[in-house]
Amino acid sequence: MPATILLTVALLAAAVVLLGVKALFVKGGRFPRGHSHELRDIPRRQRALRDSLSSRGGRKRP
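What you see is a predicted model; the values in this text were computed from it and never measured.

Participant: Mind laying out the overall build of the protein chain, listing which residues take part and the relevant values?
Facilitator: Helix and strand counts for the protein chain stand at three helices and zero strands. Among the 62 residues that make up the protein chain, the fraction classed as buried is 3%. Taken as a whole, the protein chain presents about 6200 Å² of accessible surface, with 65% of it coming from carbon and sulfur.

Here it is in structure tokens:
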């Protein structure tokens, strides 16, 4: 039982270190941003969805 917990902690620590390698060791390295307002494709996809809904008589805007 203690060996399983120790192995789990070691694997989690290794995963955290490996995920942070680029951010820690590369000059100017950053984690990718995940905010939807910063992604380039979101406005295009929103327009396409809005156009497809309006052409099918979908949701009406108030």
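Participant: Could you give an account of a nonpolar patch on the surface, with specific residues and numbers?
Facilitator: Nonpolar side chains collect at one region of the surface, where Met1, Ile5 and Val9 lie side by side and expose about 350 Å² of accessible area between them. Relative to the helices and strands, Val9 resides in helix H1 (residues 2-19).

Participant: Provide a residue-level description of the confidence of the model for the protein chain, including the pertinent values.
Facilitator: Looking at the protein chain as a whole, its pLDDT mean stands at 76, while 61% of the residues score no less than 70. The secondary-structure element of the protein chain with the lowest mean pLDDT is helix H2 (residues 21-25), recorded at 69, while H1 shows the highest, at 92.

Participant: Lay out H1 in plain terms, naming residues and giving numbers.
Facilitator: With 18 residues, H1 extends 26 Å between its outermost C-alpha atoms, agreeing within 8% with the 26 Å of an ideal straight helix rising 1.5 Å per residue. Of all 18 residues that make up H1, zero are buried, and the element is exposed over most of its length.

Definitions and limits used
Residues numbered from 1 in each chain as written. Predicted model: local features only at pLDDT ≥ 70, side-chain atom pairs only at ≥ 80, totals over all residues. Heavy atoms only, no water. Helix = DSSP H or I, 4+ residues; strand = E, 2+ residues; numbered from the N terminus. Buried < 20%, exposed > 50% of the residue type's maximum accessible area, 1.4 Å probe, protein only. Areas by Shrake-Rupley, 256 points an atom, 1.4 Å probe, with all protein chains shown as cover. Patch = residues over 30% accessible without salt bridge, like charges linked within 9 Å, V, L, I, M, F, W, Y side chains within 5 Å. Salt bridge = Lys/Arg side-chain N within 4 Å of Asp/Glu carboxyl O. pLDDT = per-residue confidence, 0-100. Expected span 1.5 Å × (residues − 1).

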